[in-house]
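The lines below spell out each chain.
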Amino acid sequence: MFVDMHHHLIYGIDDGAKDFEGTKKMIAQAVENQVHTIITTPHITPGQEPFPYETYKAHLEETRKYLEENKIDLTLYTGCEVLYTPSTPYFLSEGKVFTLANTNHVLVEFMPDDEYADLLKAGRSVAEMGYVPVYAHVERYDCLKKPEQLRRLRREFDALIQVNASTVIDKHGFFRQRYLNRIFEEELVDFVSSDSHDLPGRDSHMAEAFDELTVRFGIDLAHALTHGNAEKILRVI
Ligand SMILES: [Fe+2]
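The rules we used
Throughout, a residue's number is its position along its own chain's written sequence, starting from 1. Per-residue local features of the predicted model are confined to residues with pLDDT of at least 70, and side-chain atom pairs are confined, for both listing and counting, to 80 or more; whole-chain, interface and lining totals are unaffected and use all residues. Side-chain measures here rest on the full set of heavy atoms in the structure, leaving out hydrogens and waters. The secondary structure listing takes helices from DSSP runs of H or I that are at least 4 residues long and strands from runs of E that are at least 2 residues long, numbered from the N terminus. Our radius of gyration is a C-alpha quantity, and the globule rule it is checked against amounts to 2.2 Å times the number of residues to the power 0.38. Think of it in three bands: residues with accessible area under 20% of the maximum for their type are buried, residues over 50% are exposed, and the middle band is partly exposed, with areas taken using a 1.4 Å probe on protein chains only. By definition in these notes, contact holds between two residues if any of their heavy atoms fall within 4.5 Å. Lines are fitted to the C-alpha atoms to define the axes, a helix being fitted only along its stretch in contact, and any angle between axes, read from their N-to-C directions, falls within 0 to 180 degrees. Roughly parallel covers angles under 35 degrees, roughly antiparallel covers those over 145, roughly perpendicular covers 65 to 115, and oblique covers all other angles. The handedness criterion is simple: a crossing whose near helix is rotated anticlockwise from the far helix by less than a right angle is left-handed, and one whose near helix is rotated clockwise is right-handed. Residues are grouped as follows: Ala, Val, Leu, Ile, Met, Phe, Trp, Tyr, Cys and Pro are nonpolar; Asp, Glu, Lys and Arg are charged; all remaining types, including Gly, are polar.

Asks: What is the right way to read the overall build of the chain from this model?
Replies: Within the chain, the secondary structure is distributed over nine helices and nine strands. On C-alpha atoms alone, the chain measures out to a radius of gyration of 17 Å, which is about the 18 Å that the 2.2 N^0.38 rule sets for 237 residues. Viewed in the frame of its principal axes, the chain has a C-alpha envelope of about 50 × 45 × 30 Å. Relative to its full complement of 237 residues, the chain shows a buried share of 57%. Nonlocal contacts in the chain, meaning residues at least 24 apart in sequence, comprise 76% of its contacts between residues at least 6 apart.

So this is what it looks like as structure tokens:
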């Protein structure tokens with residue numbers, strides 16, 4: 001039922017699954033959460049850490065083979081979560097950044113202390129290169145605490161916005177939940193995704209988040225955020 005477009009499933013690449021057993025556990029958990037499609041998004045940090053392109057492709061193929069052999073109904077796509085650094089435009093121009101499922105959408109993350117002006121500049125530069133920037137886990141950034149700031153990203157260069165499923169179900173942060181209520185109610189978010197890493201720890205939570213979204217914002221928005229909007233992007237492949 002769900003499409004998870006932010007997931008560190010492929011082992012041995014980043015701080016996601018450590019080994020193939022870890023990948024298998026994450027697959028089991030995704031299936032349990034009714035996820036039928038994952039865009040795998042390992043971290044790429046241009047100019048900082050070299051990215052193991054060949055290992056990623058090999059481990060992705062190994063994982064697809066495992067799914068096929070075990071008749072597991074889960075489709076995997078390539079992708080990445082690229083950190084915006086001064087080298088990111090060069091990496092994009094050289095085709096060294098995996099877009100989301102080979103579309104023109106790029107999942108971008110930032111350093112926690114980056115400022116709003118940096119996020120604007122980054123989005124503009126990604127858009128000028130012909131890509132749609134998808135801002136990963138926007139709830140993490142202090143500089144994006146006003147809904148108008150998200151609205152401006154969307155208005156100026158058609159940016160899309162992602163929030164983590166674990167944040168949706170986190171009942172502890174009153175201010176964060178108040179912020180989420182506003183940005184969901186104003187329809188400033190496009191995707192709720194797991195951002196799953198190695199287990200146990202950063203689990204899927206997609207089914208739980210769907211239930212929570214349904215109660216708080218209605219079933220139509222819950223559907224859109226957990227698969228409908230992602231399916232629209234995937235349809236153009
Ligand atoms: Fe991530």
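Asks: Sorry if this is basic, but what is going on with helix α5 (residues 147-157) here?
Replies: In an α-helix, one full turn covers 3.6 residues, which means residues spaced three or four apart are oriented alike. Every buried residue of α5 is listed here: P147, Q149, L150, L153 and F157. Buried positions along α5 lie against α4 (116-128), β7 (132-135), β8 (160-164) and α7 (174-185). Looking one or two places after α5, you find D158, whose phi comes out positive at around 55 degrees.

Asks: Explanation requested: the packing of helix α1 (residues 20-32) against helix α2 (residues 53-69) in the structure shown.
Replies: Each pair of packed helices gets described by two things: the angle between the helix axes and the distance between those axes. Viewed as axis vectors pointing N to C, α1 and α2 meet at an angle of 50 degrees, and their least axial separation amounts to 11 Å. Considered as vectors, α1 and α2 are oriented oblique to each other. Between α1 and α2 lies a crossing whose hand is right-handed. Here F20, T23, K24 and I27 of α1 come into contact with α2, specifically with E62, T63, Y66 and L67. Looking at the contact of α1 with α2 residue by residue, the class counts come to four nonpolar, two polar and two charged.

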